[in-house]
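Coordinate analysis (summary)
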Amino acid sequence: MKPFYITTTLPYVNSDPHFGFAVEIIRADIIARWKRELGHEVFFNTGTDEHGIKIYRKATEQGIDPQTYVDGFSKQFRVLRELLDLSWNNFVRTTDPHHIAAAEKFWTIVNERGYIYKKFYSIKYCVGCELEKTDSELVDGKCPIHPTYELELINEENYFFKASAFQAQLLELYKRPLVLPDSRLGEVRAFVERGVEDFSISRLASKMPWGVPVPNDPAQVMYVWFDALVSYLSAIGWPENTTSFEKWWPAVQYCGKDNLRQQSAMWQSMLAAAGLPFSEKIIINGFIVSDGKKMSKSIGNVISPADVVAEFGVDAVRYYVARRVSPFEDSDVTMDKIRDAFNADLANGLGNLVSRTIKMAATYGVTVSREHWAEVEMNLKASSAYAEYAGHLDSYNIQLASDVIWNDITKLDIFIQEKKPFIKVKTDPEGAKADLVYVLDALWGIAVYLRPIMPSTSEKIAESLRTMSLAEGLFPRKDVKK
RNA sequence: CGCGGGGUAGAGCAUUGGUAGCUCGUCAGGCUCAUAACCUGAAGGCAGCCGGUUCGAUUCCGGCCUCCGCAACCA
C-alpha cells in the first residue's frame, strides 16, 4: 500500500498556539489516523518556522538571543501533541542543523539550474510599520495604517528567484485538482494567469541576521519563506536520504487560506526549479473568527486550544473541529457555541445513547463475545454506509464523514423509542435482547467510525461494549448558570 | 474597476435547476432505558435587491446594495 505523507504548515513562533492552528493540525491528525486505519504507512509532519524579521525583532526587544526565544516557543507547540491527542511522528524546526543544511542545498541546486540572480531594487518602507510595502498595499501612495508618515525609498541588492519562468508549468499543473477546495484552485489559477513576477528571496544579513545564510554569500540570509517551505523536504530526510525522500514525497499539505499563493504557486515553482516533483495535494482551510471578529487580545475574544480542552476535554475539541467548523470556509467559534455543540451532540447525543444502551444491555443480561465484534466490524466495512464515510474522508471532507456518525445516532435513538425494549423486556425478553444487540452492533460501528476523529472516545465506547458496563457518562452535560 | 468570502426561519449554519433542511431556542404532546436525557408534532423563510437565461431559479448569468477578511497575536 502506498506510503502517505501529510504535513501541516509550520506555524511561525511569534505567539502562542491559536485556535486556527489547532483546527489545522487536528484535521491533519484525523487524516493521518484514517490513512493508518486503511493500512497505509504514514508520515505525519509538523514543526515550527523559526526564522525571520519578526522573531528577530521580538527576541531583540526582550533582550534574549533569537535561539533561546524560539526554543521557548517551539516547546509550546510541542505540548499540543498531548493536549490535542495528536499522532505526528515528526516535528521539524527550521533552526535544526539538518534543515539548515537542506535549505542551503536547495538554494545551491536552484542556483546551479539558473533560477537565482542578484539585482538591485528599490523598496518602499513604512517607518510606522517597520515593514516594506508593495504598491498594492498603499492607499493614495501612503501606508493606510500610517498615512502621516512619508514612505522611505530604500535601494537594496537581493537575490531573486526566477518565478516568472514557471507560469506555464503552473497552469499545466492546475489542470489536476492540486488544491482543495475547487474555488481556491480557481483563485490561484487566476492569480498565476495574471502574470508571475520574480521575487526577492534574501535579505541583507547586516539588517536581519536571523536566517539561513545564503551559500557563498555571508552578506545575505534567505528570506524566511524560502527556507521554511524546504522543511517539507528536509523533514523526510532530503537531500541525503534519497530512499526516504522517494518513499514519502510528494506531500499532502494542509494550510490556511493566507498561504494559498505561497504553497500552491511559489512553492510549486521552487520545486520545479529544483527539478523535484510537485506536491500531491494542498488543502486550504478557512479562518476562525470569534463573535464575528478576528480573534484579538485587545478585544478579548481569543480562544486558546488549551482553554477549550480544560473546559470540555480533548475529544470535544476534536469533535467541534471535525463537525462544527466548516471544512473550507471561515467559521465563527465561541465558547458558547462549543458548549451548545457539546451538550447537543456529545452529552445528549452520543454520550446519552451509549449510556442508555449499555445500561439496558447490562440489566437485561445481554452478553456478546469478542468474535461477535470482529464479525460486526467486518460487516460494517463491507456496508454502503461505511463506503460513504470512507469516501468523505478520502476527499478530506471530515465534516460530511462525521455527519454519517451523527445520523446513525439519531436513527438509533428513534429505533429505541419505537422498539421500546424497556417495555418489551417484561413480556418478550429475548425480543428485547435482540433489539439491544442491534443497537450495540451499531454502537460498535460508531466506535469504529470515531477512531480517527475521537480516538479516546472510540476506545471508551469499545471498552464499554466489551465489558458491557460503563463507569461514568462519556460527556456529562455542561449547564450554563443563569 | 486590487484579491477573496458572505447575505437562506429568533440565532447559528446545510443544501439544491423542479413542493427549502439541520442544530439551538419557542410552544404542545409522548416515553421513562438514559446524562431534567430521548421520541412526535407545531409555529416561524416571498433564500439581500433588480434584471436575464429557462417550461421552471434560492440554485446559472449580469448589475446593484450590504457585511467581512487580505496590518497588528495570522492557520
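Parameters and conventions
- Residues numbered from 1 in each chain as written.
- Chains lettered and ligands numbered in written order.
- Predicted model: local features only at pLDDT ≥ 70, side-chain atom pairs only at ≥ 80, totals over all residues.
- Heavy atoms only, no water.
- Pairing = 2+ DSSP bridges.
- Helix = DSSP H or I, 4+ residues; strand = E, 2+ residues; numbered from the N terminus.
- Contact = heavy atoms within 4.5 Å.
- Axes fitted to C-alpha atoms, helices over the stretch in contact; angles between N-to-C directions.
- Domains from an automatic or database assignment.
- Buried area = accessible area lost by both parts, 1.4 Å probe.
- Salt bridge = Lys/Arg side-chain N within 4 Å of Asp/Glu carboxyl O.
- Polar contact = N/O pair within 3.5 Å; in protein donor to acceptor, adjacent residues only side chain to side chain.

**Some thoughts on the sheet that holds strand 11 (residues 217–222)**
With antiparallel pairing, three strands are arranged side by side in an open sheet as 9-11-10. Single-partner strands in this sheet number two, and they are strand 9 (202–204) and strand 10 (213–214). Where strand 10 meets strand 11, two bridges bridge the pair, whose relative direction is antiparallel. Looking at the pairing, Val214 lines up with Asp217 of strand 11. Sitting on the sheet, helix 5 (residues 97–112) is in contact with strand 9, strand 10 and strand 11, with an inclination near 105 degrees to strand 11.

**Regarding the domain arrangement of chain A**
Taken as a whole, chain A is organised into domain 1 (4–285) and domain 2 (334–467). On a C-alpha basis, the centroid separation for the pair domain 1 and domain 2 is 42 Å. Buried area between domain 1 and domain 2, both sides added, is near 1300 Å², and the carbon and sulfur share of it is 69%. One salt bridge in this structure joins Lys381 and Glu37, with 3.6 Å as the shortest N-O distance. The tally of links between domain 1 and domain 2 comes to two residue pairs in polar contact (both at pLDDT 80 or more). Per element, the largest residue contribution to the side of domain 1 that touches domain 2 is eight residues, and it comes from helix 1 (residues 19–38).

**Here we look at the sheet that holds strand 13 (residues 281–285)**
Strand order in the open sheet made by the six strands is 3-2-1-12-13-7, with parallel pairing throughout. Of all strands in the sheet, those bounded by a partner on one side alone are strand 3 (90–93) and strand 7 (179–180). Examined bridge by bridge, strand 12 (residues 252–256) and strand 13 share five bridges and lie parallel to one another. Bridged to Gln253 within strand 13 is Ile282.

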